[in-house]
Amino acid sequence: MCPGYKNWKGVSNVSTYDLDLETSRRLYEFKESSREFIEYVANLVLDVLTEIDEANGGKNRLV
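In this text, all values refer to a predicted model and were calculated from it rather than measured experimentally. (Residues numbered from 1 in each chain as written. Predicted model: local features only at pLDDT ≥ 70, side-chain atom pairs only at ≥ 80, totals over all residues. Heavy atoms only, no water.)

Asker: Describe a nonpolar patch on the surface, with residues and values.
Answerer: A cluster of nonpolar side chains, Val-45, Leu-46 and Leu-49, forms an exposed patch at the surface whose accessible area comes to about 260 Å². If you trace the backbone, Val-45 turns up in helix 2 (residues 35–55). (Patch = residues over 30% accessible without salt bridge, like charges linked within 9 Å, V, L, I, M, F, W, Y side chains within 5 Å. Areas by Shrake-Rupley, 256 points an atom, 1.4 Å probe, with all protein chains shown as cover. Salt bridge = Lys/Arg side-chain N within 4 Å of Asp/Glu carboxyl O. Helix = DSSP H or I, 4+ residues; strand = E, 2+ residues; numbered from the N terminus.)

Printed below as a string of structure tokens:
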């Protein structure tokens, strides 16, 4: 499966986001909720939201 944002409008009107293998492994390596983990996840969420916004024409101006 290809990583990134997918919008399944025709099927069930649901959007999904698939992480790439490197990101998945990095998240799995964290053993506890440390400051490093929180910062990593926060940056990851911002990246995902930015990609989704770009895919929808930048309506929310997150870029």
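Asker: Describe the pattern of salt bridges, and please don't skip the residues or the numbers.
Answerer: Summed over the entire model, instances satisfying the criterion amount to 4 salt bridges. One salt bridge connects Glu-39 with Arg-35, and the closest N-O pair in it is separated by 3.1 Å. Of the two residues, Glu-39 and Arg-35 are both situated in helix 2; the distance of 4 residues between them amounts to about one turn of the helix. On the basis of relative accessible area, Glu-39 is assigned to the partly exposed category, the value being 39%. When its relative accessible area of 65% is taken as the criterion, Arg-35 is described as exposed. What you see here is one network of salt bridges that share partners, running through Arg-26, Glu-29 and Glu-36. (Buried < 20%, exposed > 50% of the residue type's maximum accessible area, 1.4 Å probe, protein only.)

Asker: Go over helix 2 with me, naming the residues and quoting the values.
Answerer: Spanning 21 residues, helix 2 covers 30 Å between terminal C-alpha atoms, matching the ideal 30 Å at 1.5 Å per step. Buried within helix 2 we find Leu-44, Val-48 and Asp-53. Packed against the buried residues of helix 2 are strand 2 (14–18) and helix 1 (21–29). Just beyond helix 2, the residue with positive phi is Gly-57, at close to 85 degrees. (Expected span 1.5 Å × (residues − 1). Contact = heavy atoms within 4.5 Å.)

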